[in-house]
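# Residue-level structure breakdown
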Amino acid sequence: MSQITAPDVFAPAKLGPITLRNRIIKSATFEGRTPQALVTDELIEFHRQPAAGGVGMTTVAYCAVQPEGRTERGQLWMRPEVVPGLRKLTDAIHAEGAAASAQIGHAGPVANEKSNGLPALAPSTSFSPLSMKRIHAASASDIARITQAHADAAGFAIEGGFDAVEIHFGHNYFASSFLSPKLNKRKDDYGGSLENRARIVRETARAVREAVGDRIAILAKLNMDDGVPGGFWVDEAIQVAQWLEADGSLDALELTMGSSLLNPMYLFKGDAPVRDFANAMPQPVKLGVQLVGKAFIKAYPYEPLFMLEEARQIRAAVKMPLVLLGGVTDRAGMDTAMEEGFEFVAMARALLREPDLVNRIEAESRTRSLCIHCNKCMPTIFSGARCVLVDPGPVRIGG
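Criteria and cut-off values
Residues numbered from 1 in each chain as written. Predicted model: local features only at pLDDT ≥ 70, side-chain atom pairs only at ≥ 80, totals over all residues. Heavy atoms only, no water. Buried < 20%, exposed > 50% of the residue type's maximum accessible area, 1.4 Å probe, protein only. Helix = DSSP H or I, 4+ residues; strand = E, 2+ residues; numbered from the N terminus. Arc of directions from axis to C-beta. Contact = heavy atoms within 4.5 Å. Phe/Tyr/Trp six-rings, centres within 6.5 Å; stacked < 30°, edge-to-face > 60°. Lys NZ or Arg CZ within 6 Å of the ring centre and 35° of its normal. Salt bridge = Lys/Arg side-chain N within 4 Å of Asp/Glu carboxyl O. Axes fitted to C-alpha atoms, helices over the stretch in contact; angles between N-to-C directions. Parallel < 35°, antiparallel > 145°, perpendicular 65-115°, else oblique. Left-handed = near helix turned anticlockwise from the far one by under 90°. Nonpolar A, V, L, I, M, F, W, Y, C, P; charged D, E, K, R; others polar. Patch = residues over 30% accessible without salt bridge, like charges linked within 9 Å, V, L, I, M, F, W, Y side chains within 5 Å. Areas by Shrake-Rupley, 256 points an atom, 1.4 Å probe, with all protein chains shown as cover.

Per an unreviewed UniProt entry, the recorded name for the protein is NADH:flavin oxidoreductase, and the organism is Rhodococcus parequi.

The structure is reproduced here in structure tokens:
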């Protein structure tokens, strides 16, 4: 019996209807470079750099599908006015030989109601530690409107020249909060059983597929584990992944973990810069972080490929293409992912530190990432900085 050879991570690869020059994707990381909710030259440069640095595709973060679905008011939201800027952005990425993906989603309970001036929405009424305000339970009409808005956003992405969209089903954003038994206390068709809690995820993916057909690739970012007691867990994630595969709405799943609402550092691993987070926040959130930040912003030990153990369980349950995220920083990790049966790898913090890391790894396989997992990129990025070890200070945008 012949042994199956793992694919070369640097060889071209099909992703739905498109072909990437390699199997390395820059994962979505909030850029902090759209103060008017429109594309800026600084945002274009943010993505041009990793494109020039060798990634197969770069993902533009958090293209909200509705204005109340932004995590804060400066975030992009998909509408006709944003399309010309998106076209400039994708043209710059394509000129460097990479593909462009738009992460479309609705922040739900992670949205900052105070910043947006619009109600934050979730499956059930609760209190937000982010905006220090009440989160409203989404009505049936809200659910229908937001589902359709994902389809509309995918259409705007096509007009803007994107090759792919990534639907955000993770981190306790709107769709992910419905998956969570901790956050979803509904008694209707969108609450209770896993089948009901997963309904909005499946309906959203179908709506996007019906809107775009095979004109672009469709990925989704799916939580394997919320990282909170009583939250969504890997056993349920396996079933949801199987349903999504059976529906045929997606070309790939990017696997993730953690709750931006309840346990944000569970995703990142490494240091927890509580003081830096507090200093980056406006009042009264700043005071709240200073008082209880250590209980909310927890440190978790970092290790390479830290999502692999849970991701293996998804890999064993589905045949659809999967993207491995989490601690992929060198050639050895990339090769391990390929050997384990993952079709793509995603990189985030390492590319904030060194946008040209992929080219350097391809040229010299022993190249090591300089990222030290200090996680100071998380609070500073709200000011437009990429990495505190690289940028001399925040990027100044607008007035």
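What follows picks up the thread again.
Those residues of helix α13 (residues 331–339) lying buried are Arg331, Gly333, Met334, Ala337 and Met338. Buried residues of α13, seen end-on, are gathered within an arc of 165° and therefore sit on one face of the element. Elements in contact with the buried residues of α13: β3 (24–26), β12 (322–324), β13 (344–347) and α15 (357–363).

Applying the stated criterion across every chain yields a total of six aromatic pairs. Ring centres 5.3 Å apart and planes at 85° place the aromatic pair tyrosine 266 and tyrosine 300 in the edge-to-face group. In this pair, tyrosine 266 is assigned in helix α9 (residues 265–268) and tyrosine 300 in the loop between α11 (285–296) and α12 (308–317), connecting sequence segments 34 residues apart. On the accessibility criterion, tyrosine 266 (15% relative accessible area) is buried. Relative to phenylalanine 306, the ring of tyrosine 302 has its centre 5.8 Å away and its plane inclined at 70°; by these criteria the two rings are edge-to-face. Exposure remark for tyrosine 302: the relative accessible area of 23% places this residue in the partly exposed category. Taken together, the ring pairs connect Phe30, Tyr62 and Tyr173 into an aromatic cluster. Stacked on the ring of phenylalanine 344, the Lys or Arg arginine 23 has its end atom at 5.9 Å from the ring centre. In this structure, lysine 269 is placed above the aromatic ring of tyrosine 300, and the distance from its NZ or CZ to the ring centre is 5.6 Å.

As a further point, take the pattern of salt bridges. Tallied over the full model, the rule gives 20 salt bridges. The partner of glutamate 68 in a salt bridge is arginine 145, and the shortest N-O contact between them spans 2.9 Å. In this pair, glutamate 68 is assigned in the loop between β4 (57–64) and α2 (83–95) and arginine 145 in helix α4 (residues 140–159), connecting sequence segments 77 residues apart. A salt bridge links arginine 145 to aspartate 142; the nearest nitrogen and oxygen atoms lie 3.1 Å apart. Within this pair, arginine 145 and its partner aspartate 142 are both found in helix α4, separated by three residues, close to a single helical turn. Where salt bridges share partners, they join Asp8, Arg331 and Asp335 into one cluster.

A few words now on the environment of alanine 317. Structurally, alanine 317 is set in helix α12. Judged by its relative accessible area of 25%, alanine 317 is partly exposed. Between the C-alpha atoms of alanine 317 and glycine 32, which are 285 residues apart in sequence, the distance is 37 Å.

What describes two packed helices is the angle between their axes and the distance between those same axes. Where helix α1 (residues 41–52) contacts α2, the axes come no closer than 9 Å and their chain directions differ by 20°. With respect to their mutual orientation, α1 and α2 come out roughly parallel. Read as a crossing pair, α1 and α2 show a hand that is right-handed. Together, Asp41, Leu43, Ile44, His47, Arg48 and Ala51 of α1 and Lys88, Leu89, Ala92 and Ile93 of α2 make up the contact between the two elements. Residues that form the contact of α1 with α2 fall into these classes: six nonpolar, one polar and three charged.

With that settled, the discussion passes to the packing of helix α8 (residues 234–247) against α12. Between α8 and α12, the shortest axis-to-axis distance is 9 Å and the interhelical angle comes to 35°. Helix-helix and strand crossings are classified by hand; for α8 and α12 the assignment is right-handed. Here α8 contributes Val234, Ala237, Ile238, Ala241, Gln242 and Glu245 to the contact with α12, which in turn contributes Glu310, Gln313, Ile314 and Ala317. Considered class by class, the residues forming the contact of α8 with α12 number six nonpolar, two polar and two charged.

What follows is about a nonpolar patch on the surface. A grouping of Ile372, Val388, Leu389 and Val390 is seen on the molecular surface, where their side chains present a nonpolar patch of about 310 Å² in accessible area. Within the secondary structure, valine 388 sits in the segment after α16 (377–380). Overall, valine 388 belongs to the partly exposed group, its relative accessible area being 34%.

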